[in-house]
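What follows is each chain in one-letter form.
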Amino acid sequence: MSEVKKSFPIKGMHCASCVRVLERALKKVDGVAEAIVNLATEKATVTCNPEKVTDKNLTSAIANVGYTALLAEEMRTEDEEKKEKQKELQTLRNKVIVSLVLGGLILWGSFPGIMNTAPAFLQNFWIQLLLATPVQFWAGFEFYRATIPALKHRTANMDTLVVIGTTVAYAYSAFVTILPQIPKSIGIEPTPYFDVATIIIGLILLGRYFEARAKAGTSEAIKKLIGLQAKTARVLRLRSSVIASTAKQSRVNGIASSPASPDPRNDNRYIEVDIPIDQVQIGDIIRVRPGEKIPVDGVIVEGESSIDESMVTGESIPVDKTKGDTVIGATFNKAGTFTYKATKVGQKTMLAQIIKLVEEAQGSKAPIQRIADLISSYFVPIVIMLAIATFAVWYILGPQPAFLFAMLNTVAVLIIACPCAMGLATPTAIMVGTGKGAEHGVLIKDAESLEIAHKVNTVIFDKTGTLTKGKPEVTDIITINFSVIASEAKQSHGIATGSSNSRNDILRLAASLEKGSEHSLAEAIVKKAEEKKLVLSKVERFKAVPGHGVEGVVDAKRLVFGNKRLMGKEGIEILKQVQDDINKLESGGKTVMMLAVESHPEFTRLASRAKRVSGSREIPKQVRKDIQLVGLIAVADTVKESAKEAIEQLNNLAIETVMITGDNQRTANAIAKKVGIKRVYAEVLPQEKEKILKQVQYDKGRKIVAMVGDGINDAPALAVADIGIAMGTGTDVAIEAADITLINKDLRSVAQAINLSKKTMRTIKLNLFWAFGYNVILIPVAMGVLYPFFGLLLNPIFASIAMATSSVSVVSNSLLLKRYKI
Amino acid sequence: MSIDKLLVAIFGATGIFFTYWFFLMKKENIVAVSDTVDITVDGGYTPNTISIPKGKKTRINFVRKDPSSCLEEVVLPDFKIRKFLPLNQKVPIEITPQKKGEYSYACGMNMFHGKIIVN
């Protein structure tokens, strides 16, 4: 007998010692050849002889050491659900066909107007009894099967109503068929109503069949997400440590290993092995080839590629990634081959977190559902009471034959009531809505968040990292036009941007100096120099002047680089033309840094180059000083491409947009103007954000405010907002702080999320309207309230048609959300 | 009023009262649970109401014996849990309630209800 491999989750693990304890316990079970327990994934993989080892053995071995194995429980749920659903649908279909065919024959033989065309045997009551009995007790068995235990619990549901309704119709019909003389003796024509009982059962089962099929569609999103997961990973492991055990397991599992493949460092001590995804450990080096799925989250260590992340983040354009970039498990590698280091496995991966979040959202309850909950807990008993009242009123006050009127109207009341439609109205829409969001990188924490989001009328954006990229970039490099500056009379031109070479000189000198600095702006300058492939010089006597800038000696020249205050400290005069340009740059939301050089050959070279460019022979004024201003570098945190459109979309929805930032007013205003935000709160300290948010919430009446931030720094503000929207950062989904997480990092998704919420709420309201309206209108009609005025009564068969379509229509309406383009 | 109508009126009134009493006036039978409980799903939940301690992890095993599709899912909205319950199979759900109070749970169609009391 060959060995098989079983993999299952274990609960209660805390540390590495748990792994040893569990592995030892599992290996002691007779028939277990190999047991590997993974702490990160909290899973055990056991290779064993299936004849000797049962799930029970493994469960008790694990229980004996104080842990819980989830064998034969959660692991089988998915398959079980699918199998059970298929079986259920098949059985339902058979029952629907049989009951509708038999019911149709009975109807043909008994319905006034068409019964004359039916063969004589179908008009025979005994034949009708024969045909109706299997429908009532075989096809309708599930109604009885559900009702009897429910009654034991003193509860009732839709099945109870169907059982009472159809049993009354069937029992009366059987009674008048078997003992026709009794109704005759009291003046009632002994007419059976087998058609009513059978057609009702057939139609309600048909409705249930369609409902079951439609309901499967509501949870499709989560199944799709689960299906994204790769099955195996090609890991590089030390040949010596894994070859024996892995090769053995691989033979058992039918998994390939290719020992000849080199590792990223061309070290033949390593071997490439395909292993099941649940055995991947943190730190494993994984190779991914073009056209393959990335198994788990990690960081690229070698190679580069274009990766399609649309399935997880909703971002449709493939992202280019190279060494040091993070990759997300379950995304698709399009072009290159690369190796990466696993950083998150099992339940910690981004996909697993997304699945968990969507599952939780689908299990949560929207506040709007409360009313439906309240009604549904009283609904069925109230319908039964109404049915009894209907019978009594029709029997006492109704026309002759009073008993028949009373009975048929009672059956109609029982059959038309549809509590299921009310129960399905909200959750099905929530399931489709949250699933739809997840497909597009919009993760909604729970149904309540989805409900509140549709009322949002103000959106506050954090600036840095949300509206802007959060990474400052060099935007302008300006060399001073010395000749013009020297000639103060010629103020008309003031500053020239200079030639490309002179600008590079400024950048090179500034970058050489800033290389030793830790300031965030320094990083932008050094990065720009690297981009331009400039060769940086060594800096000596480097000194950071806090709040001012930096200074040091580069190429044997003293350089000073910083803000206006630093220039003032050095006694450098800033001419009007230069100041005008600084103002202009700052009004554009940029931070301006100035570079000054002590008079030196390098400066002379710059000066002569500037002179060549400008064509002036005059000697710059600054040259006469020891230290001269030679250039300006403007650094700005660039606005995200999607920001302007995102704000426009919100404005179109009549939602006010607000910006909040710790930056100075001028920069804040400039960014706000660029993206189209009119209301700005600048120079706000982090701890004040919460206060400002509350101020906005209660400004001119209660506003429903959404706060959009990066989810980490803005966590307190996100929590205070009515809806906290976090921009997903890398693989860290900011689930806890935010009500909505935009893993696609696209600002336009703010409007999309609000629109999705509006659309979902509209669907829920329509569903509830139909579900309530249907019951509120049709139950009185079935009771016969229209009879005194219009002589109208509801045939129980029509009641069953209405009932069968009510649940299906609610579920189908929810499924329409899938068609909504987000 | 003829005797038959009188009888129908009396039985009707009695029937209405009985329905009200039978379904809406039932007493709660609370089962105290310390760490694990099995809840049988068959025409409802048995035990229907459980009381569990606050802040402690409690494992609730749902075992569905009822093939009715109405009971195929259990939803604990306050704990954001919606689980499919395969027939005759133990499905464990672990919760660690942090607040005292009454939390209801229901089937997927919200027809059958149970209650968790946290104290």
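Look up a bit, the structure's there.
Parameters and conventions
- Residues numbered from 1 in each chain as written.
- Chains lettered and ligands numbered in written order.
- Predicted model: local features only at pLDDT ≥ 70, side-chain atom pairs only at ≥ 80, totals over all residues.
- Heavy atoms only, no water.
- Helix = DSSP H or I, 4+ residues; strand = E, 2+ residues; numbered from the N terminus.
- Rg over C-alpha atoms; globule rule 2.2 N^0.38 Å.
- Buried < 20%, exposed > 50% of the residue type's maximum accessible area, 1.4 Å probe, protein only.
- Contact = heavy atoms within 4.5 Å.
- Pairing = 2+ DSSP bridges.
- Core = buried A, V, L, I, M, F, W, Y, C linked by side-chain atoms within 4.5 Å.
- Phe/Tyr/Trp six-rings, centres within 6.5 Å; stacked < 30°, edge-to-face > 60°.
- Lys NZ or Arg CZ within 6 Å of the ring centre and 35° of its normal.
- Axes fitted to C-alpha atoms, helices over the stretch in contact; angles between N-to-C directions.
- Buried area = accessible area lost by both parts, 1.4 Å probe.
- Salt bridge = Lys/Arg side-chain N within 4 Å of Asp/Glu carboxyl O.
- Polar contact = N/O pair within 3.5 Å; in protein donor to acceptor, adjacent residues only side chain to side chain.
- Nonpolar A, V, L, I, M, F, W, Y, C, P; charged D, E, K, R; others polar.
- Patch = residues over 30% accessible without salt bridge, like charges linked within 9 Å, V, L, I, M, F, W, Y side chains within 5 Å.
- Areas by Shrake-Rupley, 256 points an atom, 1.4 Å probe, with all protein chains shown as cover.
- Parallel < 35°, antiparallel > 145°, perpendicular 65-115°, else oblique.

Looking at this structure, how should I read the overall build of chain B?
Counting secondary structure elements, chain B contains 1 helix and 10 strands. When its helices and strands are written in sequence order, chain B yields α-β-β-β-β-β-β-β-β-β-β. The C-alpha atoms of chain B give 18 Å as radius of gyration, which overshoots the globular expectation for 119 residues (14 Å, by more than 25%). Per-residue burial over chain B gives 52% buried out of 119 residues. By sequence separation, contacts in chain B at least 24 residues apart represent 51% of the contacts at least 6 residues apart.

Would you mind showing me how to read the pairing of strand β9 (residues 297-303) of chain A here?
Side chains on a regular strand alternate between the two faces of the sheet. Residue and element names in this part refer to chain A. The pairing of β9 with strand β14 (residues 338-344) spans 6 bridges and is antiparallel. Across the sheet, residue glutamate 302 finds its bridge partner in β14, namely threonine 339. Bridge count between β9 and strand β12 (residues 326-327): 2 bridges; the pairing is antiparallel. Residue pairing across strands places valine 299 opposite threonine 326, the latter belonging to β12.

Honestly, the nonpolar core in this entry has me stumped. Any pointers?
Residues Val459 and Phe461 of chain A together with Tyr45, Phe62, Leu76 and Ile116 of chain B are the most contacted members of the largest nonpolar core, which totals 148 residues. Here this core takes 14 residues from helix α29 (residues 748-783) of chain A, the largest share from any one element. Every residue in contact with leucine 76 of chain B, bar those within four places of it in the chain, is listed here: Gly363 of chain A together with Phe62, Ile81, Ile93, Ile95, Tyr105 and Ile116 of chain B. Counting 22 residues, the second-largest nonpolar core is a separate cluster that includes Ala511, Val550, Val630 and Val635 of chain A.

Quick question: what am I supposed to make of the packing of aromatic side chains here?
Two descriptors summarise a pair of aromatic rings, namely the distance from one centre to the other and the angle between the planes of the rings. All chains considered together, the criterion is met by 22 aromatic pairs over all chains. Between the aromatic rings of tyrosine 172 of chain A and tyrosine 193 of chain A, the centroid separation amounts to 6.3 Å while the plane-to-plane angle is 35 degrees, which identifies the pairing as tilted. One end of the pair, tyrosine 172 of chain A, is in helix α7 (residues 158-178); the other, tyrosine 193 of chain A, is in the loop between α8 (181-185) and α9 (194-218), with 21 residues separating them in the sequence. Pair check on accessibility: tyrosine 172 of chain A and tyrosine 193 of chain A agree, each one buried. Each member of the aromatic cluster is reached from another via a ring pair, and the members are Tyr172, Tyr193, Phe391, Tyr395 and Phe403 of chain A. Directly above the aromatic system of tryptophan 21 of chain B lies the positively charged group of arginine 154 of chain A, at a separation of 4.5 Å from the ring centroid.

Help me understand the environment of glutamine 577 of chain A, please; the structure alone is not making it clear to me.
All names here are of chain A. Within the element layout of this structure, glutamine 577 appears in helix α23 (residues 576-587). On the accessibility criterion, glutamine 577 (9% relative accessible area) is buried. Along the backbone, glutamine 577 and isoleucine 375 are 202 residues apart, and their C-alpha atoms lie at a distance of 75 Å.

Would you explain the sheet that holds strand β1 (residues 30-32) of chain B in this entry?
For sheets, the rule is that strands pair by backbone hydrogen bonds, running either parallel or antiparallel. Residues and elements named next belong to chain B. Here we have 6 strands laid out as an open sheet, ordered β1-β4-β10-β9-β6-β7, and mixed in their pairing. Of all the strands in the sheet, the pair left with one neighbour each is β1 and β7 (81-84). Each adjacent strand pair in this sheet contributes to an overall mean axis angle of 20 degrees, direction not counted. Summarising the sheet, strand β6 (residues 73-76) and strand β9 (residues 101-107) pair through 2 bridges and their orientation is antiparallel. Across the sheet, valine 75 pairs through a bridge with alanine 106, a residue of β9.

Sorry, what's going on with the interface of chain B and chain A here?
Tallying the contact residues gives 51 residues for chain B and 56 residues for chain A. Between chain B and chain A, roughly 4,600 Å² of surface is buried when both sides are summed, and carbon and sulfur atoms account for 59% of that area. It is Lys80, Met109 and Met111 of chain B in chain B that bury the most area against chain A; as a group they hold 16% of the surface buried on that side. At the junction of chain B with chain A, the criterion picks out 2 salt bridges. Taking the shortest distance from any N to any O, the salt bridge between aspartate 42 of chain B and arginine 145 of chain A comes out at 3.4 Å. The interface formed by chain B and chain A contains 13 residue pairs in polar contact (both at pLDDT 80 or more). Elements that contribute at least two residues to the side of chain B that touches chain A include exactly α1 (3-24), β3 (45-46), β5 (58-64), β6, β7 and β8 (90-95) of chain B. Tallied by class, residues from the side of chain B that touches chain A come to 25 nonpolar, 12 polar and 14 charged.

Please explain the pattern of salt bridges as it appears in this structure.
Two side chains with opposite charge may pair up if their charged atoms get near one another. Residue and element names in this part refer to chain A. Taken as a whole and judged by the stated rule, the model has 32 salt bridges over all chains. Notably, a salt bridge pairs glutamate 570 with arginine 558, separated by 2.8 Å at the nearest N-O pair. On the criterion of sequence distance, the pair formed by glutamate 570 in the loop between α22 (564-569) and α23 and arginine 558 in strand β20 (residues 557-562) is long-range, its members being 12 residues apart. Here glutamate 570 falls in the partly exposed class, since its relative accessible area comes to 22%. Assessed through its relative accessible area of 22%, arginine 558 is described here as partly exposed. When salt bridges that share partners are traced, they join Arg234, Glu272, Asp274, Arg287, Arg289 and Glu292 into one network.

Sorry, what's going on with a nonpolar patch on the surface here?
Residue and element names in this part refer to chain B. A cluster of nonpolar side chains, contributed by Met1, Ile3, Leu6, Leu7, Ile10 and Phe11, occupies part of the molecular surface with about 670 Å² of accessible area. Topologically, leucine 6 is positioned in helix α1. Judged by its relative accessible area of 39%, leucine 6 is partly exposed.

Would you explain unusual backbone geometry in this entry?
Glycine aside, residues mostly have negative phi, and peptide bonds are mostly found in the trans state. The omega torsion of the bond from glutamine 400 of chain A to proline 401 of chain A falls at -5 degrees, within 30 degrees of zero and hence cis. Along the chain, proline 401 of chain A falls in the loop between α14 (369-397) and α15 (402-416). Residue proline 47 of chain B is bonded to the preceding threonine 46 of chain B through a cis peptide linkage, with omega at -5 degrees. With respect to the helices, strands and loops of the structure, proline 47 of chain B is situated in the loop between β3 and β4 (49-52). Positive phi, normally seen in glycine, also occurs at lysine 80 of chain B, with a value near 55 degrees. When you line up the elements, lysine 80 of chain B lands in the loop between β6 and β7. Its identity as a non-glycine residue notwithstanding, asparagine 110 of chain B has a phi of 65 degrees, on the positive side. Relative to the helices and strands, asparagine 110 of chain B resides in the loop between β9 and β10 (113-118).

Would you mind going over the environment of methionine 567 of chain A with me for this structure?
All names here are of chain A. You can see methionine 567 is positioned in helix α22. When the C-alpha positions of methionine 567 and serine 449 are compared, they lie 52 Å apart, and in sequence the two are 118 residues distant. Ignoring any residue separated from it by four or fewer positions in sequence, one finds methionine 567 in contact with Val560, Phe561, Gly562, Ile572, Ile574, Met594, Ala596 and Leu629.

Looking at this model, I keep getting lost on the sheet that holds strand β2 (residues 36-41) of chain B. Mind explaining?
Residues and elements named next belong to chain B. Pairing within the open sheet is mixed, and its 4 strands lie in the order β3-β2-β5-β8. Each end of this open sheet is capped by a strand with a single partner; those strands are β3 and β8. Here β5 runs beside β8; their pairing, made up of 6 bridges, is antiparallel. By the bridge assignment for β8, asparagine 61 is matched with proline 92.

What am I meant to see in the packing of α14 of chain A against α1 of chain B here?
With their axes 9 Å apart at the nearest point, α14 of chain A and α1 of chain B run at an angle of 175 degrees to one another. Between α14 of chain A and α1 of chain B, the crossing angle belongs to the class labelled roughly antiparallel. Contacts between α14 of chain A and α1 of chain B involve Ser377, Tyr378, Pro381, Ile384, Met385, Ile388, Ala389, Phe391, Ala392, Tyr395 and Ile396 of chain A on the former and, on the latter, Asp4, Lys5, Val8, Ala9, Gly12, Gly15, Ile16, Thr19, Tyr20, Phe23 and Leu24 of chain B. Considered class by class, the residues forming the contact of α14 of chain A with α1 of chain B number 16 nonpolar, 4 polar and 2 charged.

By themselves, these figures tell us nothing about what the structure is for.
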